[in-house]
Number of protein chains: 2
Amino acid sequence: MQRYFINEPVPEDQRLVLPKDIAHHLVDVLRAEQNDELEVALNDQKVYLARLISLNPATIELQSDLGTDAELPVEVILACGLPKTKEKPELIVQKATEMGASRIVFFAAQRSISRWNPQKQAKKIERLQKIANAAAEQSHRNRQPEVVYGGKLSDVLKNEPADFKIVAWEESAKQGEEANLAKTLKQLQPGQKLLAVFGPEGGLSAAEVDQMKEQGVVPAGLGPRILRTETAPLYLLAAVSYQLELAR
Amino acid sequence: MQRYFINEPVPEDQRLVLPKDIAHHLVDVLRAEQNDELEVALNDQKVYLARLISLNPATIELQSDLGTDAELPVEVILACGLPKTKEKPELIVQKATEMGASRIVFFAAQRSISRWNPQKQAKKIERLQKIANAAAEQSHRNRQPEVVYGGKLSDVLKNEPADFKIVAWEESAKQGEEANLAKTLKQLQPGQKLLAVFGPEGGLSAAEVDQMKEQGVVPAGLGPRILRTETAPLYLLAAVSYQLELAR
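Reading the values: rules and limits
Residues numbered from 1 in each chain as written. Chains lettered and ligands numbered in written order. Predicted model: local features only at pLDDT ≥ 70, side-chain atom pairs only at ≥ 80, totals over all residues. Heavy atoms only, no water. UniProt positions renumbered as here; feature names shortened; annotations may be inferred. Salt bridge = Lys/Arg side-chain N within 4 Å of Asp/Glu carboxyl O. Helix = DSSP H or I, 4+ residues; strand = E, 2+ residues; numbered from the N terminus. Buried < 20%, exposed > 50% of the residue type's maximum accessible area, 1.4 Å probe, protein only. Contact = heavy atoms within 4.5 Å. Buried area = accessible area lost by both parts, 1.4 Å probe. Polar contact = N/O pair within 3.5 Å; in protein donor to acceptor, adjacent residues only side chain to side chain. Nonpolar A, V, L, I, M, F, W, Y, C, P; charged D, E, K, R; others polar.

In the nomenclature of an unreviewed UniProt entry, chain A is known as Ribosomal RNA small subunit methyltransferase E of Limosilactobacillus mucosae LM1. What UniProt records for chain A under Sequence similarities (unreviewed entry) is the sentence "Belongs to the RNA methyltransferase RsmE family." According to UniProt, the comment filed for chain A under the heading Function (unreviewed entry) is "Specifically methylates the N3 position of the uracil ring of uridine 1498 (m3U1498) in 16S rRNA. Acts on the fully assembled 30S ribosomal subunit."

J.: Can you break down the pattern of salt bridges residue by residue, with the values?
T.: Overall, the coordinates contain 30 salt bridges over all chains when judged by the stated rule. Glutamate 61 of chain A is the salt-bridge partner of arginine 15 of chain A, the closest N and O atoms lying 2.9 Å from each other. Highlighted residues: arginine 15 of chain A in strand β2 (residues 15–17) and glutamate 61 of chain A in strand β5 (residues 58–65), separated in sequence by 46 residues. Among the residues examined, glutamate 61 of chain A registers a relative accessible area of 18% and is labelled buried. A salt bridge links arginine 225 of chain B to glutamate 245 of chain A; the nearest nitrogen and oxygen atoms lie 2.8 Å apart. Of the two residues, arginine 225 of chain B is situated in the loop between β11 (218–220) and α8 (232–246) and glutamate 245 of chain A in helix α8 (residues 232–246); the pairing between them involves two chains. On the basis of relative accessible area, glutamate 245 of chain A is assigned to the buried category, the value being 11%. One salt-bridge network, in which partners are shared between bridges, spans Lys88, Glu201, Arg228 and Glu230 of chain A together with Lys95 and Glu98 of chain B.

J.: I'd like a rundown of the UniProt feature "domain: Ribosomal RNA small subunit methyltransferase E PUA-like" (unreviewed entry) in chain A, residues and numbers included.
T.: Cross-referencing UniProt, the feature "domain: Ribosomal RNA small subunit methyltransferase E PUA-like" (unreviewed entry) maps to residues 18–61 of chain A in the present numbering. Each end of residues 18–61 of chain A is marked by a C-alpha atom, and these two atoms are 10 Å apart; helix forms 23% of the span and strand 41%.

J.: Talk me through the interface of chain A and chain B; I want residue IDs and the actual numbers.
T.: Listed as interface residues are 39 residues of chain A and, on the opposing side, 39 residues of chain B. Interface of chain A and chain B: buried area, both sides summed, is about 3400 Å²; carbon and sulfur atoms make up 56% of it. For chain A, the biggest contributors to the area lost against chain B are Arg225, Tyr242 and Leu246 of chain A; these three give 23% of the whole. Counting across the interface, chain A meets chain B through six salt bridges. The tally of links from chain A across to chain B stands at 27 residue pairs in polar contact (both at pLDDT 80 or more). For the side of chain A that touches chain B, the secondary structure elements donating two or more residues are α2 (87–98), α3 (118–138), α6 (180–187) and α8 of chain A. By residue number, the principal contributor to the side of chain A that touches chain B is α8 of chain A, which donates eight residues. Its residues placed into classes, the side of chain A that touches chain B shows 18 nonpolar, 10 polar and 11 charged.

Okay, structure coming up:
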């Protein structure tokens with residue numbers, strides 16, 4: 001059944017006029033008819049069965065809460081140093097959405113070769129948010145993660161509060177640091193926030209790692225293999241899901 | 001330092017004439033000179049420090065075993081239903097190599113839309129093997145995973161023996177099956193083999209799943225979100241690494 005995300009609360013009378021783009025997709029593209037059923041995820045992160053009760057304007061009436069929950073029990077915020085190519089942020093956003101990220105922040109790391117100037121930022125983020133929204137639908141998420149541009153690392157650390165903060169650091173892998181990720185994930189309680197920072201292709205600078213350590217961000221190895229900048233966030237999300245959803 | 005994989009045993013006299021493609025890359029492309037050092041991974045899956053002792057023919061002498069091991073403690077064989085696009089097998093091979101897969105088998109699932117005819121197979125596999133080899137170097141693996149075309153699912157089940165066999169089944173996620181993956185991974189002992197089967201975009205057919213269950217392949221959910229065909233193997237590998245390398 002078709003599922004749409006609508007960033008609205010549950011209406012008091014259970015009726016909702018569909019936003020224009022969704023109405024267009026449902027009525028003009030899919031040719032839905034009166035009384036057809038659909039699923040809508042509202043901003044309470046619940047998924048409802050709904051019925052199309054009129055076509056013009058396209059209006060739905062909620063039938064029941066489907067009670068499905070595909071969200072991770074914790075919020076994972078990824079902070080990714082801007083990669084070099086256009087494809088890598090897209091891959092990160094699509095796959096991280098499938099794997100349950102709640103928020104994806106790109107930042108200009110010291111060794112980021114690519115820079116998003118202020119004019120470009122809005123367009124880039126808009127495109128990435130669309131990819132996230134499509135992936136959220138496809139993976140049956142209850143919510144769409146937010147994709148944002150976070151500026152510098154210091155801004156990210158200031159603006160993204162979290163209960164636990166880790167940084168995936170290449171040197172951790174080389175030095176065989178193996179304990180911190182599991183230690184952190186085993187402490188995480190439902191509803192808490194984890195911020196995970198990843199460097200761009202060239203890695204994080206020693207200054208950036210020092211800056212993070214001073215602020216209590218814990219360096220955590222993701223196993224002994226060197227993962228690319230777009231692979232490491234996916235490893236992290238799978239580990240969070242495995243530890244909190246499957247292995248408990 | 002430059003690292004090469006050479007599919008040869010350790011020579012008795014510690015000296016090795018480099019294969020032509022490696023000699024060309026080292027001497028003609030990188031312009032290495034006599035006495036330059038390099039790293040070579042031999043077929044004993046160890047990485048050696050070596051010295052270039054002559055240029056024509058390009059010959060190295062092993063200096064010492066570097067003692068580095070970036071391999072998973074178990075062998076993970078991925079069996080992936082052929083995806084529709086050319087890009088997805090490439091993505092699977094590159095990322096699965098980074099994450100430690102020991103062998104990647106593509107097979108013609110009932111719902112695979114793409115088919116590799118016998119003429120195409122060799123070329124496709126050759127290209128994918130090159131991607132695996134490059135990813136193995138980049139991720140500092142001790143070995144290159146083998147990429148093969150496995151024919152039909154029944155052939156794969158016959159030709160790929162393993163201590164544990166699981167299938168990532170979309171219905172497992174929908175039915176909330178959460179225990180089997182962790183149960184399997186916690187039983188895996190170092191040196192054992194895990195075969196993990198993944199469907200193509202359209203999923204596995206009920207007949208395929210039944211066929212596997214009859215042969216003792218365990219359906220295992222990978223969390224409550226629906227993962228794309230190219231994402232599920234990466235989740236699995238990260239979970240294996242997390243459970244066996246970090247959380248133990």
